[in-house]
Amino acid sequence: MRSKTLALAAVGAGVALVLSACGANEAPAPAGGGSTSGAPAPSGGMKVGVILPETATSARWEGFDKPMLKAAMQAQGLDADIQNAQGDTATFTRLADSMITQKVKVLVIASINSELGKTVAAKAATANIPVIDYDRLNLGGSSKYYVSFDNTKVGELQGEALASALKGKQGAQVIEIEGAPTDNNATLFYNGQQKVLKPLYENGTLKLVKSQKIDNWDNQAGGRTFEQFLTQNGGKVDGVVAANDGLAGAIITVLAKNGLKVPVTGQDATPAGLQAVLRGDQYMTVFKPIKEEAEATAKLAAALAKGDTSAADGIAKQTEKDPVGNRDVKSVLLTPQTITKANVKDVITAGYVKASEVCTGDVQPLCAAAGISQ
Ligand code: BGC
């Protein structure tokens, strides 16, 4: 019952996000309708295939990435076909095969896991189609370019925020609910968190109760795992590392059921996450300006579609280490920002989420207190 309610809430948030991001982004209305249908855009530009991984793991993919990539690709005169594999690896493979058969000029993939991304990139290479790893780096893969954020930094921001929220609470007990073990980003988030938290666990400032990676970023499974740990620990917890807003939401539901309210981290600055931050149910979220990620990807795709690798190299001036493939991948790595109650309005001012989506019901008076005008 509870998970059904949550799932519905997540769908609602996703829909609201889509509307918001489109409006905020002021994307020129495509005459051919949404690119999600697979219908060619009217520009007649060079064709680029984009495959997003999921909808349920985070409201970001449909809410931010899809509309922002669509607008950015159009601005570069590209004809983007943007699809979402909905967490299904067979669907992902089918979409990739079809885009490769259609001879897209560039393939942009945010893969469900590294192995799948690696397989898709290898197939694309045999058809001479350049691949950009979008947001998630495929370890051991062959994509020449990667666009994302400084994901270790994301984890550091989460760790720093939790440490500061628990300051003065000697021996505060922490539970960590992490992302998918098959997503390199989840590993980087964890590594960043541990840079801050491990010394504090070691010197007894904080006490680690349990840490668990959650397969496929399954938000509901994250909530259930957290509940088990909480029960095993006699109902005691002082702070929670939740790798993203979706996991945080499921954990906050469990905390509330147990009459608890403790600092919880998050990520993605989703409308539901921002509301939880304003309510004080979630201590922080991480805002990753996905519009910049989409724009860098579109610029890179435009250069690669023209076969201009020196222009592409001029855009992807950073590198990300692939420890499995033992290679440095040319990258664009953008900067994440911590959001707490004090600066929720930054996300709204930046045009990612509308005040009207966040400041509803019980959150309305909290918005006023946080300086968010509607
Ligand atoms: C992304 C996060 C997202 C998570 C679950 C990660 O790879 O970087 O923004 O919350 O996947 O979808």
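Keep in mind the model is a prediction, meaning the values are calculated, not measured.

### Here's the deal with the overall build of the chain
Point 1. Secondary structure assignment for the chain yields 14 helices and twelve strands.
Point 2. Residues classed as buried in the chain amount to 54% of the 374 residues present.
Point 3. Across the chain, every contact between residues at least 6 apart in sequence was considered, and the portion connecting residues at least 24 apart equals 72%.
Point 4. Total accessible area computed for the chain in this model is approximately 15,100 Å², and 54% of it derives from carbon and sulfur atoms.

### Some remarks on the nonpolar core
Point 1. Of all hydrophobic cores here, the largest spans 52 residues; its most connected members are M73, I132, V358 and I372.
Point 2. For this core, the domains that each give at least three residues are domain 1 (7–24 + 151–288 + 338–369) and domain 2 (31–149 + 290–334).
Point 3. When near neighbours in sequence (up to four residues on either side) are disregarded, M73 contacts V48, V50, L78, A80, V108, T297, A298 and A301.
Point 4. Counting residues in hydrophobic clusters, the runner-up holds 30 residues, among them L157, L230, L247 and V254.

### Quick notes on the packing of aromatic side chains
Point 1. Applying the stated criterion across every chain, the model contains three aromatic pairs.
Point 2. Look at F64 and Y352: their rings are 5.6 Å apart centre to centre, the planes differ by 70°, and that puts the pair in the edge-to-face class. Of this pair, F64 sits in helix α2 (residues 60–75) while Y352 is found in the loop between α12 (344–349) and α13 (355–358), placing the two residues 288 residues apart along the sequence.
Point 3. An angle of 80° between the planes, with centres 4.8 Å apart, marks the rings of F287 and Y352 as edge-to-face. A residue pair is termed long-range when its members are at least 10 positions apart, and F287 in strand β9 (residues 285–287) and Y352 in the loop between α12 and α13 qualify at 65 residues.

### Some words on the sheet that holds strand β7 (residues 206–213)
Within a sheet, neighbouring strands are paired by backbone hydrogen bonds and run either parallel or antiparallel to one another.
Point 1. Taken in spatial order, the three strands line up as β7-β6-β8 in an open sheet, and their pairing is parallel. Two strands lie at the open edges of the sheet, namely β7 and β8 (239–242), each paired on one side alone. Averaged over all neighbouring strand pairs, the angle between strand axes comes to 15°, with direction disregarded.
Point 2. As judged from the seven bridges shared by strand β6 (residues 172–178) and β7, these two strands associate in the parallel manner.

### Regarding the state of the cysteines
Point 1. Under the counting rule described, the total for this entry stands at one disulfide.
Point 2. Bridging C359 to C367, the disulfide has an S-S length of 2.0 Å. Its torsion about the S-S bond being -90°, the disulfide of C359 and C367 is classed as left-handed. This pair shows no difference in class: C359 is buried, exactly as C367 is.

### Digging into the site of the ligand
Point 1. Neighbouring residues of the ligand: 15 residues in total, closest T57, D135, R136, D183 and D268.
Point 2. In this structure, T57 approaches the ligand through a side-chain N or O atom, which is 2.7 Å from an oxygen atom.
Point 3. A distance of 2.9 Å is found between an oxygen atom of the ligand and a side-chain nitrogen or oxygen belonging to R60.
Point 4. In isolation the ligand has 310 Å² of accessible area, and contact with the protein removes 100% of it.
Point 5. Taking a 2 Å distance to the grid points as the criterion, the majority of the atoms of the ligand fall inside the largest cavity.
Point 6. For the shell around the ligand, the secondary-structure elements that each account for two or more residues are α2 and α6 (184–202).

### Observations regarding the side chain of D135
Point 1. Positionally, D135 belongs in the loop between β4 (131–134) and β5 (145–149).
Point 2. A residue is classified by how much of its surface remains accessible, and D135, at 2% relative accessible area, is buried.
Point 3. Within polar-contact distance, the side chain of D135 engages the side chain of R60 at 3.2 Å.
Point 4. In contact with D135, not counting residues within four places along its chain, are R60, W61, Y146, V147, S148, F149, N151, N185, K288 and E293.

### Re the pattern of salt bridges
Between side chains of opposite charge, a pair can form when the charged atoms approach closely.
Point 1. Evaluated as defined, the whole model comprises 18 salt bridges.
Point 2. The structure contains a network of salt bridges with shared partners spanning R60, D65, D135 and E293.

### A short note on the sheet that holds β4
Point 1. Overall, mixed pairing links the seven strands, which are arranged β2-β1-β3-β4-β5-β11-β10 in an open sheet. Since the sheet does not close on itself, it has two edges, and those belong to β2 (78–84) and β10 (318–322), each with one partner. Across the sheet, the axes of successive neighbouring strands diverge by a mean angle of 25°, strand direction being ignored.
Point 2. Inspection of the sheet shows β4 paired to β5 by three bridges, in the parallel sense. If you follow Y134 over to β5, its bridge partner there is V147.

### Let's talk about the pairing of β5
Point 1. With five of five residues buried, β5 lies mostly within the body of the structure.
Point 2. Neither face of β5 is exposed, since Y145, V147 and F149 on one face and Y146 and S148 on the opposite face are all buried.
Point 3. Both β5 and strand β11 (residues 327–334) contribute to a ladder of five bridges, which runs parallel. For F149, the partnering residue across the bridge sits in β11 and is L334.

### Some remarks on the side chain of E293
Point 1. The topology assignment puts E293 in helix α10 (residues 290–305).
Point 2. According to the relative accessible area criterion, E293 is buried, its value standing at 0%.
Point 3. Non-local contacts of E293, meaning those with residues more than four positions away in its chain, are made with R60, D65, Y134, D135, V147, S148, F149 and L334.

### Here we look at empty space enclosed by the protein
Point 1. As enumerated under the stated definition, the model contains three cavities of 30 Å³ or more in all.
Point 2. As a volume, the largest cavity reaches approximately 110 Å³.
Point 3. Residue lining of the largest cavity: 14 residues in total, with R60, W61, R136, W217 and D268 positioned closest to the centre.
Point 4. Mapped onto the lining of the largest cavity, the elements with two or more residues apiece are α2 and α6.
Point 5. For the lining of the largest cavity, the class distribution of residues is three nonpolar, five polar and six charged.
Point 6. Residue-level mapping places the lining of the largest cavity at the junction of two domains, with at least three residues from each of domain 1 (7–24 + 151–288 + 338–369) and domain 2 (31–149 + 290–334).

Parameters at a glance
Residues numbered from 1 in each chain as written. Predicted model: local features only at pLDDT ≥ 70, side-chain atom pairs only at ≥ 80, totals over all residues. Heavy atoms only, no water. Helix = DSSP H or I, 4+ residues; strand = E, 2+ residues; numbered from the N terminus. Buried < 20%, exposed > 50% of the residue type's maximum accessible area, 1.4 Å probe, protein only. Contact = heavy atoms within 4.5 Å. Areas by Shrake-Rupley, 256 points an atom, 1.4 Å probe, with all protein chains shown as cover. Core = buried A, V, L, I, M, F, W, Y, C linked by side-chain atoms within 4.5 Å. Domains from an automatic or database assignment. Phe/Tyr/Trp six-rings, centres within 6.5 Å; stacked < 30°, edge-to-face > 60°. Pairing = 2+ DSSP bridges. Axes fitted to C-alpha atoms, helices over the stretch in contact; angles between N-to-C directions. Disulfide = S-S within 2.5 Å. Near = heavy atom within 4 Å. Polar contact = N/O pair within 3.5 Å; in protein donor to acceptor, adjacent residues only side chain to side chain. 1 Å grid on protein atoms, 1.4 Å probe; cavity = no way out; pocket = protein on both sides within 12 Å on 5 of 7 lines; lining within 4 Å. Sits in = over half its atoms within 2 Å of the grid points. Salt bridge = Lys/Arg side-chain N within 4 Å of Asp/Glu carboxyl O. Points joined across faces, edges and corners; volume = space filled by probe spheres on them. Nonpolar A, V, L, I, M, F, W, Y, C, P; charged D, E, K, R; others polar.

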